[in-house]
Amino acid sequence: MACALPALAADVREAARHVVEQPSQAMAETLRAIARQTGASVLFDAVAVRGLVAPRVSGRLSAAEAISQALEGSGLMVEVMGDGAVVVKPAVAPAAPAAGTKTSLRQVQLVARTVTPDQDRPGASGSGQPSAGSASQKVEVTGTRLRLVESEGAVPVRVFRREDIERSGQATLERFLGSLNEASVSPGEGAFGATAGQGSVQLRGLPLGSTLILVNGRRVQAVGSSSANFFNLNLIPMAAVERVEIVPVGSSAVYGGDALAGVVNVILRQSMDGVALDMRLASASGTGDGSVSLAAGTRSPTGGFTVVGTYSRSTPLTMAERSFFDDADYRPLGGPDARSRNCVPGTVTTADGSNLPGLTAPVAGIPLRSPGTTLVPADFAATAGQPNLCNSLASGRGSALVHGSEALGLHAVGDLRLSDRWSLFSELTLADDRLRAEQGGLVLSNVLVPETNPYNPFGVPVRVSARLGDANGTQFFARTTRFTRVLAGLRGELPAGWDLELTASTSRDAGERVLGNGNTSVAARNAALASASLATALNPFTVGPAASQDVLDAIWTDSVRANRGRKDLVTVLARGSLGALPAGEVEAVAGAELARDRYETSIPGDVSVVDSRRARAIFGELRLPLMRAGEGTDRGRELAALTVAARGDRYSDFGSASTYQSGLEWRPSRSTLLRASAATSFKPPTLLQTSVDEIRLTTDDFGLVDPALGGAPIVGGEVLRTTNAALEPEEGRAVSLGAIWEPVSQPGMRFGATAWRVRIDGLIALLWPQVTLDNEAQFPGLVTRAADGSVSRVLYTEVNFGRVETAGLDLEAAYGWQAHGGRWNVGASATRTSRYDVVIAPGAPMVSRLGKRFADYWAPEWKGRLSAGFDAGAWRLGWTGRYVGAYEDAGTSTRRLGGFWLHDLAGGFDLRKLGFDIGAAKSATVSLAIVNLTDRLPEFANSSPYYDVTQADWRGRYASVRFSVDW
């Protein structure tokens, strides 16, 4: 043990320290108590400590130091894992596994961990990126509520620490997650993204809303501004994030609905002792962002608290700031001429097709003149026959490629020890997220300008297509969201070694989405164009002010939609042992949930939709050890285990769903893990889909024809927009099969492969009435016929149809070693998607969308990463290369896109270790990162907006600097 202590001290010398006072008692009781007092994850084998008595432990100590005192003379030792978890293991091991590897261990306390500085961690990556194979990142499995932790379990999991996210150089969780191999496509940013500026992730390229987002392992609501479809990741303060855990295969048996594609669990800071300040500034051509955060916390034998406050701001990036959009004539690139006449200034044409008075052509570009200049027909002579053409989307400030944002956030946690076995805990998260982007000028599309208009220089009615100058205001997009999450809980120990946890939480959001100048009053516009008064007329021929503000305000008004979302959740669960099998103890979890969701959306003075649902669930998990080594140096090591989970959910508005999950682990040697898992999942209909206000229309409005009567027009029938009472949840199935090898002879080396398949059936979509008629037999009850066989009613409603199935292989390799005064790390990972088949139209055959760009439901064949880094302790430098494989453009195009690398650099300096005087501070670091070092911009694609939204990042080269101080 004495030989191990100096190494331990080096690893934990800067870890958070706590006042620890424990009497001499059973070793297991001391370890549990230290876990509670320090907030650390303490992992030990109950069999190994059985019968041992710990000495008195006293002092201001880190978790590892306290446990080292308790273990003196026991024949056991401490190992600090990459995430700060403290592992108790035999002091003399047959062969030390690679850093980050855990053998048969139980987790006693799953709360926030004491994290040692990255440069002091064995196996820590210095690449500046989330190294795909870094053993130190593989710590704990999301996807189970069992308090049994192996470094790898039956379900594949990816774990990324706060340092990994910071070193990636990405400013938001959405951008970080979108850069990973498992997210084959992203929702996109800016005006052409699919989320209206909200943060989301699409694991395996599956639809928005099919990845479940958890905060600290607990569900949050699908926010109101997403039409109750997904949670907005931008509402989580970045400075409060401790780590992110990703399960990239679907499963609902543990956490419930929405986990069709997988789970992203965002773990927030739970414990600290001191004060920390973090400041970040980043910039790219035409845009920039920055953030500042202050965190403080303390621990004592009776509890503690942590508070994190954050502020961030970013400026928008628009099409006007990228030369790619200067001219929308893409014919030189093999695309269309997408130029428009809606320019500043615009184009005038005659109303009847004759030549413009005084000119030899019926069309002319409006000449650029100073505001206030009176135009005459002779001014148009130079542009006769030549319309002004431009990229209308890039006019004015241009459509947003990246929205500007401003956010305030607060995260607070606290716990109070009631007794040796029971404690209270609470969490509070507040966020105010504001997003805005000014875009193009106000649009006039082929409007008629009568001869009465005093600014009409031709004296006859003409038509004008133009955008007004910015002096008249612009179209803009803005969104505000206020988010609140409150949780309170009771945690304690029951007899027979069982744990009980009871939590109650509420999370809610409220906000507005504004399309500035998005509504046009045709009557007011026509009146202003026809007005003969200079005071009330609209001048479409100028680049300056076109009318008084009163006139403009009467024509163009904002479109406002208010949204609210809420989830109330009560969960109770118990964990413990059901007894012992020959191979070990059977660990179990049993629990229940009660939930209520509410969604509200409204357009003030117009439409209002309010709906809610109640849900209840019961769930359980078992882990059964199947085999344990009985002789030799491996005696007592677990060889195989089976994990099973089941869950039943019942909803108030559509019915019930039952799901299961199972996993098998087999460890034929200390360095090898073989595993397999299978699971089912579901996604309930959204509250917007189960609460549709009825609207009665006619078949004439849709131009419907009856295929049963030879395509005869349907006259006088009814089309009823309504809720489908028979709507069912989308259902998923997922399987995975994998292997991990970490050779004992080469500590720090790791190889892994996981084959996976995900299938989703019964996709929910709004069915167009004509499609319903064309597939009447497939959707019974949606078409009503009169006695003579004619159609009397068609229901216009959501239905279940379609399927998506994707499969592939995740590969990883990594190696870390000490040499030449520091730690070196190299890593490689890749996702090879081998199948992406869809049926998204009734009666259509299954088609492959693998390697073929679409607006949704597709994936490139390859996505990969390479990384290398060096960490000398006082400084570090790392490189990451991100690869997107080649794929085919959309539609009938055979253009090849993708097949490119993006290169990132990250480095940092520890000022104290470099000899700088940092006063009373415990540490001070400066970190730098450059994303997209070669300034590669998105490539041309053959459909609007003429780039691939799902793979694009228009920021180009993006540099950031971060300064962090801890006291």
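Just so it is clear, the structure is predicted and the values come from calculations on it, not from any experiment. (Residues numbered from 1 in each chain as written. Predicted model: local features only at pLDDT ≥ 70, side-chain atom pairs only at ≥ 80, totals over all residues. Heavy atoms only, no water.)

### Things to note about the sheet that holds strand S36 (residues 718-721)
We count it as follows: Two strands are counted as paired when DSSP detects at least two bridges linking them. The secondary structure listing takes helices from DSSP runs of H or I that are at least 4 residues long and strands from runs of E that are at least 2 residues long, numbered from the N terminus. Orientation is described by axes fitted as lines to C-alpha atoms, over the contacting stretch for helices, and by angles from 0 to 180 degrees between their N-to-C directions.
With mixed pairing, 4 strands are arranged side by side in an open sheet as S33-S36-S41-S40. Of all the strands in the sheet, the pair left with one neighbour each is strand S33 (695-698) and strand S40 (783-785). Across this sheet, the average inter-strand angle for adjacent strands is 20°, counted without regard to direction. Where S40 and strand S41 (residues 791-796) come together, 3 bridges link them in antiparallel fashion.

### Looking at the side chain of Ser-395
What counts, and what does not: With a 1.4 Å probe rolled over the protein chains alone, any residue whose accessible area is under 20% of its type maximum counts as buried; one over 50% counts as exposed, and the rest are partly exposed. Whenever two N or O atoms come within 3.5 Å, that pair is a polar contact, provided that in protein one can donate a hydrogen and the other can accept it, and provided that, for residues adjacent in sequence, both atoms are side-chain atoms. Residues count as neighbours in contact if any of their non-hydrogen atoms are within 4.5 Å of one another.
Inspection of the secondary structure puts Ser-395 in the loop between strand S19 (363-365) and strand S20 (400-402). Residue Ser-395 is classed as buried on the basis of its relative accessible area of 10%. Side-chain polar atoms of Ser-395 contact the side chain of Arg-467, separated by 3.1 Å. With residues up to four places along the chain from it excluded, the contact list for Ser-395 reads Gln-439, Gly-440, Gly-441 and Arg-467.

### Some details on the sheet that holds S19
Across the sheet, 4 strands lie side by side as S19-S18-S24-S23; this open sheet has antiparallel pairing. Only two strands of the sheet have a single neighbouring strand rather than two, namely S19 and strand S23 (443-449). Strand after strand, the sheet turns through a mean of 15° between neighbouring axes, direction not considered. Inspection of the sheet shows strand S18 (residues 347-350) paired to S19 by 3 bridges, in the antiparallel sense. Of the residues in S19, the one forming a bridge with Val-348 is Ala-364.

### Considering the environment of Gly-440
Positionally, Gly-440 belongs in strand S22 (residues 422-441). Exposure remark for Gly-440: the relative accessible area of 5% places this residue in the buried category. For the pair formed by Gly-440 and Arg-397, sequence separation is 43 residues and the distance between their alpha carbons is 5.6 Å. Setting aside residues up to four positions removed in sequence, Gly-440 forms contacts with Ser-395, Gly-398, Arg-467, Thr-474 and Gln-475.

### A short note on the pairing of S41
Two strands pair when backbone bridges link them, and S36 and S41 are joined in this way by 4 bridges, in the parallel orientation. Counterpart to Glu-718 in the pairing with S41 is Arg-793. Remark: 5 residues form the turn of the hairpin made by S40 and S41, two consecutive strands paired antiparallel; Gly-789 in that turn has positive phi of roughly 90°.

### A closer look at the environment of Trp-875
As for its placement among the helices and strands, Trp-875 is situated in strand S47 (residues 875-884). For the pair Trp-875 and Gly-907, spaced 32 residues apart in sequence, the C-alpha to C-alpha distance is 7.3 Å. Filtering out sequence-adjacent residues up to four positions away, Trp-875 remains in contact with Phe-870, Gly-908 and Phe-909.

### Structural notes on the packing of aromatic side chains
Our working rule: The aromatic pairing rule takes the rings of Phe, Tyr and Trp, using the six-membered ring of Trp, and pairs them if the centres are within 6.5 Å, calling planes under 30 degrees apart stacked, those over 60 edge-to-face and the rest tilted. Put simply, a charge is over a ring when the Lys NZ or the Arg CZ is close to the ring centre, within 6 Å, and near the line of the ring normal, within 35 degrees.
Counting across every chain of the model gives 26 aromatic pairs. Pairing Tyr-815 with Trp-817 gives two aromatic rings, centres 5.0 Å apart and planes at 20°, and the pair type is stacked. Look at Trp-817 and you get partly exposed, because its relative accessible area is 28%. Each residue in the set Phe-192, Phe-324, Phe-325, Tyr-330, Phe-940, Tyr-946, Tyr-947 and Trp-954 is aromatic and connected to the rest through ring pairs, giving one cluster. Residue placement shows Arg-849 over the ring face of Phe-854; its charged tip is 3.7 Å from the ring centre. The ring of Tyr-958 carries the charged tip of Arg-955 above its face, separated from the ring centre by 4.1 Å.

### As for the nonpolar core
Selection rule: For this analysis, a nonpolar core means a set of buried residues of the types Ala, Val, Leu, Ile, Met, Phe, Trp, Tyr and Cys, connected via side-chain atoms within 4.5 Å.
Grouped together as the largest cluster of nonpolar side chains are 50 residues, with contacts concentrated most on Leu-177, Ile-236 and Val-264. For this core, the elements supplying multiple residues, two or more each, are strand S9 (158-161), helix H6 (173-178), strand S10 (211-215), strand S12 (241-247), strand S13 (262-268), strand S38 (749-761) and strand S44 (822-839). Contact partners of Val-264, with chain neighbours within four places excluded, come to Leu-177, Val-201, Leu-203, Thr-211, Leu-212, Ile-213, Leu-214, Val-244, Glu-245 and Ile-246.

### Observations regarding the pairing of S22
Taken residue by residue, a regular strand's side chains alternate between the two faces of the sheet. When strand S21 (residues 404-417) meets S22, the two strands line up antiparallel, connected through 14 bridges. The partner of His-411 across the bridge, within S22, is Thr-429. The hairpin formed by S21 and S22 contains 4 residues between the paired strands. Note that S22 and strand S25 (residues 474-493) share 18 bridges and pair antiparallel. Across the sheet, Glu-438 pairs through a bridge with Phe-476, a residue of S25.

### Comments concerning a nonpolar patch on the surface
As a reminder, the rule being used: Patch definition: residues with relative accessible area over 30% and no salt bridge; like charges joined within 9 Å; nonpolar side chains (Val, Leu, Ile, Met, Phe, Trp, Tyr) joined within 5 Å. Shrake-Rupley sampling with a 1.4 Å probe provides the accessible areas, and residues are treated as covered by the protein chains on show and by no other component. A side-chain nitrogen of Lys or Arg and a carboxyl oxygen of Asp or Glu constitute a salt bridge if their distance falls within 4 Å.
A cluster of nonpolar side chains, Leu-281, Trp-875, Leu-877, Phe-909, Leu-914, Phe-916, Leu-928 and Val-961, forms an exposed patch at the surface whose accessible area comes to about 750 Å². Here Val-961 shows up in strand S52 (residues 958-966).

### Notes on the state of the cysteines
The test is simple: Criterion for a disulfide: a pair of cysteine sulfur atoms within 2.5 Å.
With the rule as written, the count across this model stands at 1 disulfide. A sulfur-sulfur distance of 2.2 Å marks the disulfide that ties Cys-343 to Cys-390. Classification of the bridge connecting Cys-343 and Cys-390 rests on its S-S torsion, roughly -110°, and on that basis the disulfide is left-handed. Placement of the pair is Cys-343 in the loop between strand S17 (317-318) and S18 and Cys-390 in the loop between S19 and S20, with a sequence separation of 47 residues.

### Looking at the side chain of Ser-399
Its place among the elements puts Ser-399 in the loop between S19 and S20. Taking the relative accessible area as the measure of exposure, Ser-399 reaches 8% and is therefore buried. Ignoring anything within four residues of it in the chain, the contact list for Ser-399 reads Ala-191, Phe-192, Leu-317, Thr-318, Met-319, Leu-393 and Gln-439.

### Remarks on the confidence of the model for the protein
The test is simple: Within a predicted model, pLDDT stands for the predictor's per-residue confidence, ranging from 0 to 100.
The predicted model of the protein has a mean per-residue pLDDT of 86, with 90% of residues at 70 or higher. Considering only residues more than four positions removed or in separate chains, one finds that residues 1-14, a stretch of pLDDT under 50, has 26 contacts. Throughout residues 92-141 the model reports pLDDT below 50, and contacts reaching past four residues in sequence, or to other chains, amount to 214 contacts.

### A look at helix H4 (residues 63-71)
Most of H4 sits inside the fold, with 7 of its 9 residues counted as buried. The set of residues buried in H4 consists of Ala-63, Ala-64, Ala-66, Ile-67, Ser-68, Ala-70 and Leu-71. Immediately beyond the C-terminal end of H4, within one or two residues, lies Gly-73, with a positive phi of roughly 75°.

### Side note on unusual backbone geometry
Glycine aside, residues mostly have negative phi angles, and peptide bonds mostly take the trans form. Note the cis peptide between Val-344 and Pro-345, where omega equals -5°. Structurally, Pro-345 can be placed in the loop between S17 and S18. The step from Ser-944 to Pro-945 runs through a cis peptide bond, and the omega angle for that step is 5°. In this structure, Pro-945 sits in the loop between strand S51 (923-931) and S52. Positive phi is not limited to glycine here, since Arg-204 has a value of about 60°.

### Thoughts on helix H7 (residues 522-530)
Which entries qualify depends on this criterion: Regarding the arc, it is the one traced by the directions from the helix axis to the C-beta atoms.
Buried within H7 we find Arg-525, Ala-528 and Leu-529. When H7 is viewed along its axis, its buried side chains cluster within an angular range of 100° and face the same direction. Buried residues along H7 sit against S23, strand S26 (499-520) and helix H8 (549-555).

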